[in-house]
Amino acid sequence: MSIKWDRRFLRLAEHISGWSKDPSTKVGCVVVGADREIRSTGFNGFPRGIEDSAERLDNRELKYPLICHAEENAIMHAARVGVSLKGCTAFVTWPPCTRCARSLVQAGVSEVVYPGGLDIPDRWSDDFEMSTGMFAEAGVKVRTVPLEDD
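The rules behind these values
Residues numbered from 1 in each chain as written. Predicted model: local features only at pLDDT ≥ 70, side-chain atom pairs only at ≥ 80, totals over all residues. Heavy atoms only, no water. Patch = residues over 30% accessible without salt bridge, like charges linked within 9 Å, V, L, I, M, F, W, Y side chains within 5 Å. Areas by Shrake-Rupley, 256 points an atom, 1.4 Å probe, with all protein chains shown as cover. Salt bridge = Lys/Arg side-chain N within 4 Å of Asp/Glu carboxyl O. Lys, Arg positive; Asp, Glu negative; His and termini not counted. Charge placed at Lys NZ, Arg CZ, Asp CG, Glu CD. Helix = DSSP H or I, 4+ residues; strand = E, 2+ residues; numbered from the N terminus. Phe/Tyr/Trp six-rings, centres within 6.5 Å; stacked < 30°, edge-to-face > 60°. Buried < 20%, exposed > 50% of the residue type's maximum accessible area, 1.4 Å probe, protein only. Pairing = 2+ DSSP bridges.

**Q** Looking at this structure, how should I read a negative patch on the surface?
**A** Together, Asp119, Asp122, Asp126 and Glu129 make up a negatively charged patch on the protein surface. Its location among the elements puts aspartate 126 in helix 6 (residues 122-138).

**Q** I would appreciate a short explanation of the packing of aromatic side chains in the present structure.
**A** How two aromatic rings sit relative to each other is given by the distance of their centres and the angle of their planes. Counting across every chain of the model gives three aromatic pairs. Centroid distance tryptophan 5 to phenylalanine 9: 6.1 Å. Interplanar angle 35°. Geometry classified as tilted. Placement of both tryptophan 5 and phenylalanine 9 in helix 1 (residues 3-17) is noted, with a separation of four residues, approximately one turn of the helix. The exposure class assigned to tryptophan 5 is partly exposed, which follows from its relative accessible area of 26%. Take phenylalanine 9: its relative accessible area is 1%, and that puts it in the buried class. Relative to phenylalanine 91, the ring of phenylalanine 9 lies with its centre 5.2 Å away and its plane at 35°, an arrangement referred to as tilted.

**Q** Would you mind showing me how to read the pattern of salt bridges here?
**A** A pair can form between side chains of opposite charge whenever their charged atoms are brought close. Applying the stated criterion across every chain yields a total of six salt bridges. In this structure, glutamate 14 engages arginine 11 in a salt bridge whose closest nitrogen and oxygen atoms are separated by 3.3 Å. With glutamate 14 and arginine 11 both in helix 1 and three residues apart, the pair spans about one turn of that helix. According to the relative accessible area criterion, arginine 11 is partly exposed, its value standing at 35%. Where arginine 143 meets glutamate 111, a salt bridge forms, and the shortest distance between an N and an O atom there is 2.4 Å. Taken together, the residues span a long stretch of sequence, with arginine 143 in strand 5 (residues 141-145) and glutamate 111 in strand 4 (residues 111-115) at a distance of 32 residues. Like arginine 143, the residue glutamate 111 is buried in the burial classification.

**Q** In this structure, what is going on with the environment of tryptophan 124? I would like to understand it.
**A** Within the secondary structure, tryptophan 124 sits in helix 6. Accessibility expressed as a relative area gives 13% for tryptophan 124, which makes it buried. Separated by 27 residues in the primary sequence, tryptophan 124 and cysteine 97 place their C-alpha atoms 8.4 Å from one another.

**Q** So what exactly am I meant to see when it comes to the pairing of strand 1 (residues 28-32) here?
**A** Moving residue by residue along a regular strand, the side chains alternate between the two faces of the sheet. Counting buried positions along strand 1 gives five out of five residues, so the element sits mostly inside the fold. Both faces of strand 1 are covered, namely the face carrying Gly28, Val30 and Val32 and the face carrying Cys29 and Val31. Relative to strand 2 (residues 38-43), strand 1 runs antiparallel, the two being bridged by five bridges. Bridge pairing in strand 2 places valine 30 opposite threonine 41.

Structure follows, in structure tokens:
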């Protein structure tokens, strides 16, 4: 895929999620097949039945464990509609956490793409390193794409 197409899918992921640089808020994922067809999409959010109380929204410890991760939502959606993600590319607006990295590997995704130049906060750096290692061990290619305008 060209940089132009990569940016297109990253922008779509941003649009789907209401993108923010903070991974504890909404994050978007678009999974694309070899022919550039969209196989599945997902975004971070609270599971149904969980109330978005003011306390939960303000408290990271209460909020984060309840988030449905964008990548996992895309994988679950594909499973529900009977779509294989094997060999696909996952475009995400933030580097996947270890939980999502494991899910992407299990789903057979061959490549993960996210925006370049993100400022990874210290609190996420260890998890980021572990997920990158998981992808490397599984042979999943990881790329970053600049999002500046053409």
